[in-house]
Amino acid sequence: MAFHAPGAAGLLAGMAASVLGIVVLVLPAFLVFYAAVVLIGAGLTRLRTGTLRLHVRLPWKPMVAVGLVLATGGAAVLASAGPAVGYQLMADRWAGCTIPYVVNLDRAPRNALSAIHEAARRTAAATGMRLVDDGVTATTVVDYVTMLKPGARITQRPVLVTFLPVPTFQLFERGKDAAAFALSIPERGSTKTVTGVIAVEARTSFARVGPLTLPAILEHEWGHIVGLGHNASPFEVMGTPMHLVSGFAHGDRAGLAHLGHEAGCIP
Ligand SMILES: [Zn+2]
């Protein structure tokens, strides 16, 4: 669960990419859209009242939503066309090229299963690893955490994908505005991850607007499980404190390919 802070160079590169993205793509798009809404709004006002009033007030929340959607569009363009902004590696890596996973569907939203398989498929494609669906389980996060007790045996069980109620979630991510977390469990005294947990906070994960959808959240956590750390760019899935992309971008893919190559999963 330990995350690595990005280095100074990575941080600067990420910040530069973020600023560039906002200035070049997001800001003009947002201003154009805002102007259009104001003009249309003014037109509608005139139709209704016969007078031109330019003081059209837009509610704040839809503005934020529109901004996020436009930012996503800008980010997607930048992510597909821009240079790689790098990646950070964690100390722990997944051991091997096959990752079995099981899903506990308690408290899961509808259609969660297809989102989970989609995220696994994308992670497999980017790493060359095999993510194997081992079905639905009643196993809980507690069964995994007990393996971390001193002297307990760590076994190679499938990675558990689970949805936690807020109080349980906050035992792990207290005080942070997180939608999910990944718990990597390496063999004792080694950096080889042999199992782990991906836990999504059941209440908030789907109330969020924009691109922070379940597959992207899960991709972020799969990134941690295979050995990817955070980076500073919001245009990468591994970006923190938040990302604006709906799937792995340049830097993410470079990091995942690196891990796959190094482990011999990508020939
Ligand atoms: Zn993270």
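Remember, predicted model here, so these are calculated numbers, not experimental data.

Cut-offs used in this document
Residues numbered from 1 in each chain as written. Predicted model: local features only at pLDDT ≥ 70, side-chain atom pairs only at ≥ 80, totals over all residues. Heavy atoms only, no water. Buried < 20%, exposed > 50% of the residue type's maximum accessible area, 1.4 Å probe, protein only. Helix = DSSP H or I, 4+ residues; strand = E, 2+ residues; numbered from the N terminus. Pairing = 2+ DSSP bridges. Phe/Tyr/Trp six-rings, centres within 6.5 Å; stacked < 30°, edge-to-face > 60°. Expected span 1.5 Å × (residues − 1). Contact = heavy atoms within 4.5 Å. Core = buried A, V, L, I, M, F, W, Y, C linked by side-chain atoms within 4.5 Å. Disulfide = S-S within 2.5 Å.

A. Quick look at the pairing of strand S5 (residues 180–186). Taken across its seven residues, S5 has seven buried, putting it largely inside the fold. Alternating residues of S5 divide into Ala180, Ala182, Ser184 and Pro186 and Phe181, Leu183 and Ile185, and every residue in both groups is buried. As judged from the seven bridges shared by S5 and strand S6 (residues 192–201), these two strands associate in the antiparallel manner. Bridging from a neighbouring strand, Phe181 pairs with Ala199 of S6. Connecting the antiparallel pair S5 and S6 is a turn made up of five residues, with Gly189 showing a positive phi of about 75°.

B. Broad picture of the packing of aromatic side chains. If you walk through the whole model with that rule in mind, you get three aromatic pairs. Look at Tyr101 and Trp222: their rings are 5.8 Å apart centre to centre, the planes differ by 75°, and that puts the pair in the edge-to-face class. With Tyr101 in strand S2 (residues 98–103) and Trp222 in helix H6 (residues 214–226), this residue pair connects regions lying 121 residues apart in the sequence. For the pair Tyr101 and Trp222, a shared accessibility class is recorded, and that class is buried. Look at Phe169 and Phe181: their rings are 5.4 Å apart centre to centre, the planes differ by 50°, and that puts the pair in the tilted class. A residue pair is termed long-range when its members are at least 10 positions apart, and Phe169 in helix H5 (residues 166–172) and Phe181 in strand S5 qualify at twelve residues. Take Phe169: its relative accessible area is 2%, and that puts it in the buried class.

C. Structural detail: helix H3 (residues 112–127). Across its 16 residues, H3 extends 23 Å between first and last C-alpha, which sits within 8% of the 22 Å expected from 1.5 Å per residue. Buried residues of H3: Ala112, Ala115, Ile116, Ala119, Ala120, Thr123, Ala124, Ala126 and Thr127, and no others. Where H3 is buried, its residues contact S2, strand S3 (130–136), strand S4 (159–164), H6 and helix H7 (250–262). Looking one or two places after H3, you find Gly128, whose phi comes out positive at around 80°.

D. Region of interest: the nonpolar core. If you look at the biggest cluster of nonpolar residues, it comprises 35 residues, and the most contacted ones within it are Ile99, Tyr101, Ile116, Leu131, Val159, Leu218 and Trp222. Elements represented by at least two residues in this core include exactly S2, H3, S4, S5, S6, H6 and H7. Residues contacting Leu218, with those up to four places away along its chain left out, are Ala115, Ile116, Ala119, Val161, Ile198 and Val200. Core analysis: the next-biggest nonpolar cluster, separate from the first, contains 15 residues, Val102, Ile154, Phe169 and Ala178 among them.

E. Highlighting the side chain of Glu221. With respect to the helices, strands and loops of the structure, Glu221 is situated in helix H6. Setting aside chain neighbours within four positions, we find Glu221 in contact with Ala180, Phe181, Ala182 and Ile198.

F. Quick look at the environment of Arg93. Structurally, the position occupied by Arg93 is in strand S1 (residues 93–94). For the pair formed by Arg93 and Leu228, sequence separation is 135 residues and the distance between their alpha carbons is 8.0 Å. Ignoring sequence-local partners within four residues, the contact set of Arg93 consists of Thr191, Lys192, Thr193, Ile225, Val226, Gly227, Leu259 and Glu262.

G. Quick look at the state of the cysteines. Within this structure, the stated rule accounts for one disulfide. Between Cys97 and Cys265 runs a disulfide, and the two sulfur atoms are separated by 2.1 Å. Here the S-S torsion is close to -90°, and the disulfide linking Cys97 with Cys265 is therefore left-handed. Note that Cys97 is positioned in the loop between S1 and S2 and Cys265 in the segment after H7, a separation of 168 residues in sequence. Here Cys97 falls in the partly exposed class, since its relative accessible area comes to 26%. Classification of Cys265 as buried rests on a relative accessible area of 11%.

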